[in-house]
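# A structural walkthrough
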Amino acid sequence: MSNIKNIIRKNIKNLIPYQSARKINNSGKIFLNANEIPINKSIDIYHKNLNRYPNPQPNDIIKKYSEYSNINTSSILVTRGADEGIELLIKIFCNPYVDQIMTFPPTYPMYGINADILGIKNVIIPFLKNWKLDIKKIMLNAKNTKIIYLCRPNNPTGHLINKKDIIYLLKKFIHTGIIVIDEAYIEFCIEESLAYLIDSYPNLVILRTLSKAFGLAGIRCGFILANIDIITFLQKSITPYPIPTPVIDIVNFFLTIPQIQKMNFLVQELNQRCIWLSNELKKNTLVKYVFPTKGNYLLVEFFFIKKVFNFLSKKGIIIRAQTDKIRLENCIRISIGSKNDCLKLLQELHVIRSLIL
Ligand SMILES: *Cc1c(COP(=O)(O)O)cnc(C)c1O
């Protein structure tokens, strides 16, 4: 018996790790569980200079992302996915066992998990009934709060947190804490982005990724957009070479104008399919409620949730149960797949309805 258990930090011993989609369920035919886009992305690049370390913050990528996002190059940091951004921010702002972050479930779990790993208290304030922030409770718990993590559009509910509430918080916390807006899905409703506010609020941070609308989850690349002071401190703390040379080459290709146009076109197509799928799902009497969404996924409340989930799994259709999330006990999150994936899903839901009802 090894004694590692006695050496390891207590909060790591007690940690409930993130259940990534790829970890939970890797066998199936139709994957609608990780909000990936249903287009196979591939590229053939000749890489050179692989004996050399890459540029820690590749200028060409930053310049291209700056043109794409309309954000100054000095306000952009490239990261190993948005997930690295979430972790880095806690590392540079929060003192272990003193400071706290705030999170608003049901939401993306990685904010809280990173806090658990780093010994930072996670103050959990569930959304109100109308999916608005509980501003009163936030202000009552404001002491020692260094980071407020807002996911917008929120994963998994698909709703947009009220902009007025965010501006209220930006002002209230201007001298004491930062407001992080995770815009992982913002391309699906780009007109709603709040990135332009970083010039007005030095405590605003925006997280972006190439994993979702850009369809590049496999390369692990994201961005932090913020005031130059925050970017400078992040640069001091980030791992020396976060972006591998092959990833830099791939990103340089996919951030060109024709590729961005392709992405925008696909987003329009997926948004239309999302509305269609939502309407089709509502026709099935096993479906209790389909949440309105701004992302490339639908949160669906079912009658007989367990039977539905198991039946779809057996048929090789992999979706994401939300049964562990507050207020979503009877819900499933479904990513918008190809037209064929969606048709197959509807067809199988039809079959199970006739078996149950
Ligand atoms: C998928 C997702 C991420 C992770 O993005 P990566 O760039 O792949 O690390 C972050 N936030 C939310 C809300 C997500 O859904």
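Here the structure is a predicted model, which means the values were calculated and not measured.

When helices and strands are counted, the chain shows 13 helices and 13 strands. Expected size for 357 residues packed as a compact globule is a radius of gyration near 21 Å; at 21 Å, the chain falls within 12% of this value. Seen through its C-alpha atoms, the chain measures out along the principal axes to roughly 60 × 55 × 55 Å. Restricting to contacts in the chain with at least 6 residues of sequence separation, those with at least 24 account for 72%. A total accessible area of about 17,700 Å² is found for the chain, and carbon and sulfur atoms account for 54% of it.

A separate point is the site of the ligand. Lining the immediate environment of the ligand, one finds 13 residues, of which Ala82, Asp182, Thr209, Ser211 and Lys212 sit closest. Within the backbone of Ala82, one N or O atom sits 2.7 Å away from an oxygen atom of the ligand. A distance of 2.6 Å separates an oxygen atom of the ligand from a polar side-chain atom of Ser211. Protein contacts shield 93% of the accessible area of the ligand, which totals 390 Å² for the unbound molecule. Most atoms of the ligand, that is more than half of them, are within 2 Å of grid points of the second largest pocket. When residues in the shell around the ligand are grouped by element, the largest group, three residues, is from helix α5 (residues 81-93). Counted by class, the shell around the ligand contains five nonpolar, four polar and four charged residues.

Membership of the largest hydrophobic core comes to 87 residues, with the highest contact counts inside it found for Ile138, Phe223 and Leu281. No other element matches helix α11 (residues 257-282), which puts eight residues into this core. Ile138 has contacts with Met102, Phe104, Ile125, Leu133, Ile148, Leu169 and Phe173, leaving out every residue within four places of it along the chain. Membership of the second largest hydrophobic core comes to 26 residues, among which are Leu77, Cys94, Ile113 and Cys151.

A separate point is the layout of surface pockets. Where empty space is left becomes clear once a probe the size of a water molecule has been rolled over the atoms. Of the voids in this model, the largest pocket is the one considered here, and its volume is about 800 Å³. Those elements that provide at least two residues to the lining of the largest pocket are α6 (110-118), β4 (121-124), α12 (305-314), β11 (317-318) and β12 (320-321). With three residues, α6 is the single largest residue contributor to the lining of the largest pocket. When its residues are assigned to classes, the lining of the largest pocket shows 16 nonpolar, nine polar and four charged. In terms of lining residues, the second largest pocket is bounded by 31 residues, among which Tyr18, Ala34, Asp83, Tyr108 and Lys212 are the most central. Listing elements by their share of the lining of the second largest pocket, those giving two or more residues are α3 (21-24) and α5.

Here we come to the packing of aromatic side chains. The tally for this structure, following the rule as stated, stands at 13 aromatic pairs. Taking the centre distance of 6.4 Å and the plane angle of 45 degrees together, the rings of Phe104 and Phe127 count as tilted. Taken together, the residues Phe104 in the loop between β3 (100-103) and α6 and Phe127 in the loop between β4 and α7 (135-140) connect sequence positions 23 residues apart. Accessibility classification places Phe104 together with Phe127 in one group, the buried group. Ring centres of Phe127 and Trp131 lie 6.1 Å apart, and the angle between their planes is 65 degrees; on these two criteria the pair is classed as edge-to-face. Taken as a pair, Phe127 and Trp131 share a single burial class, namely buried. Among the aromatic residues, those joined into a cluster by ring pairs are Phe104, Phe127, Trp131, Tyr289 and Phe291. Across the ring face of Trp131, the terminal group of Arg327 is positioned such that the distance to the ring centre comes to 4.0 Å.

A word on the environment of Arg80. Relative to the helices and strands, Arg80 resides in the loop between β2 (76-79) and α5. Separated by ten residues in sequence, Arg80 and Asn70 have C-alpha atoms that sit 21 Å apart. Apart from residues lying up to four places away in sequence, Arg80 is in contact with Arg220, Pro242 and Ile243.

A few words now on the packing of α12 against helix α13 (residues 339-356). Here α12 crosses α13 at 130 degrees, and the two axes come no closer than 10 Å. Here α13 runs oblique to α12, going by the angle between their axes. In terms of crossing hand, the pair formed by α12 and α13 is right-handed. Packed against α12, whose contacting residues are Lys307, Val308, Phe311 and Leu312, the element α13 presents Leu345, Glu348, Leu349, Val351, Ile352, Leu355 and Ile356 at the interface. Per-class residue counts for the contact of α12 with α13 are nine nonpolar, no polar and two charged.

Scoring rules and cut-offs
Here the residue numbers are simple positions, counted from 1 along each chain's written sequence. At least 70 in pLDDT is required for a residue's local features to be given in this predicted model, at least 80 for side-chain atom pairs to be given and counted, and no such filter applies to totals for whole chains, interfaces and linings, which use all residues. Remark: hydrogens and water are excluded; side-chain values derive from all non-hydrogen atoms of the structure. Put simply, DSSP H or I for four residues or longer makes a helix, DSSP E for two residues or longer makes a strand, and each gets a number counted from the N terminus. We compute the radius of gyration from the C-alpha atoms alone; for a globule the expected value is 2.2 Å times N to the 0.38, where N is the number of residues. We call two residues in contact when some of their heavy atoms are within 4.5 Å. Note on areas: these come from Shrake-Rupley sampling with a 1.4 Å probe, and a residue is covered only by the protein chains present in the view. Throughout this document, a residue counts as near a molecule or strand when at least one of its heavy atoms sits within 4 Å of that molecule or strand. Polar contacts here mean pairs of N or O atoms no more than 3.5 Å apart (in protein, one a potential hydrogen donor and the other a potential acceptor; neighbouring residues in sequence count only if both atoms are side-chain atoms). Buried and open spaces are told apart on a 1 Å grid over the protein atoms alone, a cavity being a set of points where a 1.4 Å probe fits but cannot get out and a pocket being an open set with protein on both sides within 12 Å along at least five of seven lines. Residues with an atom within 4 Å of a point are the lining residues. Cavity and pocket membership follows a simple rule, namely that a molecule belongs there if more than half of its atoms are within 2 Å of the grid points. When residue character is reported, Ala, Val, Leu, Ile, Met, Phe, Trp, Tyr, Cys and Pro are called nonpolar, Asp, Glu, Lys and Arg charged, and the others, Gly included, polar. Joining through side-chain atoms within 4.5 Å is the link that ties buried Ala, Val, Leu, Ile, Met, Phe, Trp, Tyr and Cys residues into a set, and such a set is a nonpolar core. Whether a residue is buried, partly exposed or exposed follows from its accessible area with a 1.4 Å probe, protein chains only, as a fraction of its type maximum: under 20%, in between, or over 50%, in that order. Grid points are joined across faces, edges and corners, and a volume is the space filled by probe spheres set on the points. Two rings from Phe, Tyr or Trp (for Trp, the six-membered ring) form a pair when their centres sit within 6.5 Å of each other. Planes less than 30 degrees apart are called stacked, planes more than 60 degrees apart edge-to-face, and all others tilted. When the NZ atom of lysine or the CZ atom of arginine is within 6 Å of a ring's centre and also within 35 degrees of its normal, the charge is said to sit over that ring. Fitted lines through C-alpha atoms serve as axes, helices being fitted only where they are in contact, and the angles separating the N-to-C directions of these axes extend from 0 to 180 degrees. Throughout, the term roughly parallel applies to angles under 35 degrees, roughly antiparallel to angles over 145, roughly perpendicular to angles from 65 to 115, and oblique to all others. Here is the rule for handedness: rotate from the far helix to the near one, and if that takes an anticlockwise turn smaller than a right angle the crossing is left-handed, while a clockwise turn gives right-handed.

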